[in-house]
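Architecture at a glance
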Amino acid sequence: MKRFVKLTMLLLFITSMAYSQKVALVTFYVDKYIDYSKATAETRANYQERTLADDPNFDLRPLLVEFYETFKKDFIKDFPFDIIGEKHIIETDMYKAYSGLEGLEDTDSIDIYQENIKDRFIAIDGYNVLLSGGNMLRSWRTEAHLLEMFPEADGVMFVYMHYQFEPKIAIGGMGNAGMRAFINIDLFNKEAKKVFKMEEYATSKKSVPLINGVPIMTSEKVLPLCENATERLLEDLQKELPKLVKKVDKKF
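Calculation notes
The numbers attached to residues start from 1 for each chain and follow its sequence in the written order. Owing to the predicted nature of the model, reporting of local features is limited to residues with pLDDT of at least 70; listing and counting of side-chain atom pairs is limited to 80 or more, with chain, interface and lining totals taken over all residues. Side-chain measures here rest on the full set of heavy atoms in the structure, leaving out hydrogens and waters. Only rings of Phe, Tyr and Trp enter the pairing, Trp through its six-membered ring, and a pair is recorded when the two centres are within 6.5 Å. The plane angle decides the type: under 30 degrees is stacked, over 60 is edge-to-face, the rest tilted. Secondary structure elements follow DSSP: runs of H or I no shorter than four residues count as helices, runs of E no shorter than two count as strands, and numbering proceeds from the N terminus. Three labels apply to residues, based on accessible area from a 1.4 Å probe with only protein chains included: buried if under 20% of the type maximum, exposed if over 50%, partly exposed otherwise in between. Any carboxyl oxygen of Asp or Glu within 4 Å of a side-chain nitrogen of Lys or Arg constitutes a salt bridge here.

**Things to note about the packing of aromatic side chains**
In the structure shown here, the tally under the stated rule is twelve aromatic pairs. Aromatic pair Tyr68 and Tyr127: ring centres 6.1 Å apart, planes at 75°, arrangement edge-to-face. Pair noted here: Tyr68 is in helix H3 (residues 61–75) and Tyr127 is in the loop between strand S3 (121–123) and helix H7 (142–149), with a separation of 59 residues, a long-range link. The exposure class assigned to Tyr68 is buried, which follows from its relative accessible area of 3%. Note on Tyr127: relative accessible area 7%, which makes it buried. Here a set of aromatic residues connected by ring pairs shows up, and it is made of Phe28, Tyr68, Phe71, Phe75, Phe79, Phe81 and Tyr127.

In structure tokens form, the structure reads like this:
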């Protein structure tokens, strides 16, 4: 009798493992362009040029890598599905050749798009920078193409980070400002329908002076603000992510 019970439990476990859902993590990147929409127009233009430049004092790659390693180690286990191995994704020939450019018909548009992607985004090594959506027709969208590329996947996940300048105290344009770090997770099911979209953020404790609506900072000061905001975001996600992903099971 005991042997029968054990055998039954083993079969149930194997069955549950066989039917566990699998998701392909298809991109993981950070936007180098810091959003200065809450600053003056002159500040926006000035800092956009700075953050898009290859300034060695402003390198977000270490923050991206740290977030990625933490995501794999601590956060993936909170999702109610398995993540397909990274090596399988990034070493697939079709994936390596894919840029998500469907819908751009002329060569000039493709060249401009590729140049903008290269200048603006940093991806984890091996991953392509892929933006979800891109066309009104679902069959033409990036997520639909990736699901065709990985037929064993029950869904595809996009993870990306960005930063935003955030005034803290601003009276008459005077005060102080910090940086806000964002993490975005978009999940699409087998039918390429969005079933989960999460955007979480945290603002740095560190600040810089704000004078006439202009943050007084150099490239050397921007990076520590980004680092501090990212640290706080990681701490928040440790507590909040398990609650947020509970809704995935109901829709996926």
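Now that the structure has been shown, the text picks up again.
**Regarding the pattern of salt bridges**
If you walk through the whole model with that rule in mind, you get nine salt bridges. Asp74 is the partner of Lys73 in a salt bridge, and the nearest nitrogen-oxygen pair spans 3.4 Å. Close ionic contact of Lys197 with Asp186 constitutes a salt bridge, the shortest N to O distance being 3.2 Å. Taken as a pair, Lys197 in strand S6 (residues 194–203) and Asp186 in strand S5 (residues 174–189) lie far apart in primary sequence, eleven residues in all. The partly exposed category is assigned to Lys197, whose relative accessible area is 48%. One continuous salt-bridge network, built from bridges that share partners, spans Glu69, Lys72 and Glu86.

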